[in-house]
Amino acid sequence: MRDLDSQPKPHSDTLLEWYDQHARDLPWRISPADRARGVWPDPYRIWLSEVMLQQTTVAAVKDYFHRFTTRWPTVADLAAAEDADVMGEWAGLGYYARARNLLKCARVVAQDHGGVFPDTYDGLIKLPGIGPYTAAAISAIAFDRKETVLDGNVERVMARLYDIHTPLPAAKPELKEKAADLTPTGRPGDHAQAVMDLGATICTPRNPACGICPWRTPCAARLAGTATELPKKTPKKPKPTRLGFIYLARSEAGDWLLEQRPEKGLLGGMLGWPGSDWNEDPADRPPFDADWQEIGAEVRHTFTHFHLILRVKLAQLPTDYQPQGSEQIIARHDFRPSDLPTVMRKAFDLWKGR
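Residues numbered from 1 in each chain as written. Predicted model: local features only at pLDDT ≥ 70, side-chain atom pairs only at ≥ 80, totals over all residues. Heavy atoms only, no water.

A. The arrangement of the overall build of the chain in detail. A tally of helices and strands in the chain yields 14 helices and six strands. Seen along its three principal axes, the alpha-carbon backbone of the chain occupies a region of about 80 × 45 × 30 Å. Looking at the chain as a whole, 47% of its 354 residues qualify as buried. Of the contacts formed within the chain by residues at least 6 apart in sequence, a portion of 69% connects residues at least 24 apart. Of the roughly 18000 Å² that the chain leaves accessible, carbon and sulfur atoms contribute 48%. (Helix = DSSP H or I, 4+ residues; strand = E, 2+ residues; numbered from the N terminus. Buried < 20%, exposed > 50% of the residue type's maximum accessible area, 1.4 Å probe, protein only. Contact = heavy atoms within 4.5 Å. Areas by Shrake-Rupley, 256 points an atom, 1.4 Å probe, with all protein chains shown as cover.)

As structure tokens, this is what we get:
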């Protein structure tokens, strides 16, 4: 790591001056000018955006955020929502455990906190689905608490600012310490958003715009010529590939056979097509005996830890079929493909294209 003792020190004031002019316009954000006039962010909107933004981009989240806040404007509205409605609106964002925890958290806030979010890190982290990062982000952005917010953008900015070559994730404690040192007592919420904006718009993963960066002078990686190499990351192991079967059964009237997945595990609690286990050698066991035909195409989907290939089979649903266990027959006029998780909707799209 480069010795910075002889270099100018980065200052939050410099960054905040830049942020006041260049802050991104985001639907959940209060602008620096409004914040200076005493307007406070809505903790519900900050919480919702932070949960949605986990492992997802701002561009992907905006439409979901608009739909959620239009349909459920307050945390009490969301707490009163039907699980299936929320999971349906979430479909496509992935990481469905977040949606289940979203509902759990909303209901705890509504029932145990009178619909008001705790305003401290210690209070927030006790809520379902809120971890250290989210608790720090909400307490800083919504309540202007002096907390250190460390997302991927902030990690990249700190690694470059201090020319830190320790690979992630091992570098996280050092990067958080540097970020904490820079967090001011005044305007800590704006500072947190400013560092994230800097990483998102200027200190980008590729081709950082160092010439217009407010911290270009004290940036050690710029001086060392190593900015594009940072942050370094420990190589990931290749993702394994799992296989499976998925069964689409439809009646003559157009009704579909679906099943509700177990609460725990991938796609927990969501409706989807009956299917096999996902492993290296799945057993082909349809939900009922019939002349099952392969569709001639495969569903390919990637989860966080593995790739998935599903062989799709079709059959006609018997008119007298009685659902077993977690199965449900969904009438044609009640079936909405948009309510299915992405991997299940891919199978429907293959059937529709066929």
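B. Looking closely at the pattern of salt bridges. Following the criterion strictly, the structure yields 16 salt bridges and no others. A salt bridge links K172 to E155, with the shortest nitrogen-to-oxygen separation between them at 2.4 Å. Residue K172 is found in helix 11 (residues 172-182), and its partner E155 is found in helix 10 (residues 152-161); the two are separated by 17 residues along the sequence. Given the relative accessible area of 8%, E155 is considered buried. K313 is the salt-bridge partner of D284, the closest N and O atoms lying 2.5 Å from each other. (Salt bridge = Lys/Arg side-chain N within 4 Å of Asp/Glu carboxyl O.)

C. How the structure looks around the nonpolar core. In terms of nonpolar packing, the biggest core is built from 95 residues, with W47, F117, M158, W215 and W273 touching the most fellow members. With near-sequence residues (within four places) excluded, M158 lies in contact with I164, L175, K178, A179, L182, V195 and W215. Counting nine residues, the second largest nonpolar core, distinct from the first, contains F245, Y247, F288 and A315. (Core = buried A, V, L, I, M, F, W, Y, C linked by side-chain atoms within 4.5 Å.)

D. Quick look at helix 14 (residues 342-353). A rise of 1.5 Å per residue sets the reference length of helix 14, with its twelve residues, at 16 Å; its end C-alpha atoms lie 16 Å apart and thus fit the reference within 8%. Those residues of helix 14 that sit buried are V343, M344, A347 and F348. Mapping the buried residues of helix 14 onto a view down its axis gives an arc of 150°, with all of them on the same face. Exposed residues lying more than 90 degrees from the buried face of helix 14 are K352 and G353. Structurally, helix 14 contributes buried residues whose contacts are with strand 1 (241-250), strand 2 (256-260), strand 3 (271-272), strand 4 (293-302) and strand 5 (307-316). (Expected span 1.5 Å × (residues − 1). Arc of directions from axis to C-beta.)

E. The packing of aromatic side chains, seen in detail. For the coordinates displayed, the defined rule picks out 18 aromatic pairs. Ring geometry for F68 and W90: centres 6.1 Å apart, planes at 85°, overall edge-to-face. Here W90 lies in helix 6 (residues 83-90) and F68 lies in helix 4 (residues 58-71), a separation of 22 residues in the sequence. Relative accessible area serves as the criterion here: at 0%, F68 is assigned to the buried category. Residue classification places W90 among the buried residues on the basis of a relative accessible area of 0%. Ring centres of F288 and W292 lie 5.1 Å apart, and the angle between their planes is 45°; this geometry places the pair in the tilted category. For F288, a relative accessible area of 9% gives the class buried. Taking relative accessible area as the criterion, W292 reaches 12% and is therefore assigned buried. An aromatic cluster is present here, built from W256, W273, F335, F348 and W351 joined pairwise through their rings. Directly above the aromatic system of Y162 lies the positively charged group of K178, at a separation of 4.8 Å from the ring centroid. The side chain of R261 reaches across the aromatic face of W278, ending 4.9 Å from its centre. (Phe/Tyr/Trp six-rings, centres within 6.5 Å; stacked < 30°, edge-to-face > 60°. Lys NZ or Arg CZ within 6 Å of the ring centre and 35° of its normal.)

F. Spotlight on the packing of helix 9 (residues 132-141) against helix 12 (residues 188-201). The interhelical angle for the contact between helix 9 and helix 12, taken along N-to-C directions, is 120°, at an axis separation of 7 Å. Regarding the angle of helix 9 to helix 12, the classification is oblique. Taken together, the residues of helix 12 that come into contact with helix 9 (itself represented by Y133, A140 and I141) are G189, Q193 and M196. The residue makeup of the contact of helix 9 with helix 12, split by class, is four nonpolar, two polar and no charged. (Axes fitted to C-alpha atoms, helices over the stretch in contact; angles between N-to-C directions. Parallel < 35°, antiparallel > 145°, perpendicular 65-115°, else oblique. Nonpolar A, V, L, I, M, F, W, Y, C, P; charged D, E, K, R; others polar.)

G. Broad picture of the packing of helix 1 (residues 12-22) against helix 12. Look at helix 1 against helix 12: their axes get within 9 Å of each other, and the N-to-C directions meet at 70°. The pairing of helix 1 with helix 12 is recorded here as roughly perpendicular in orientation. Contacts between helix 1 and helix 12 pair S12, L15, L16, W18 and Y19 from the former with D190, H191, Q193, A194, V195, D197, L198 and T201 from the latter. Split by residue class, the contact of helix 1 with helix 12 holds seven nonpolar, four polar and two charged.

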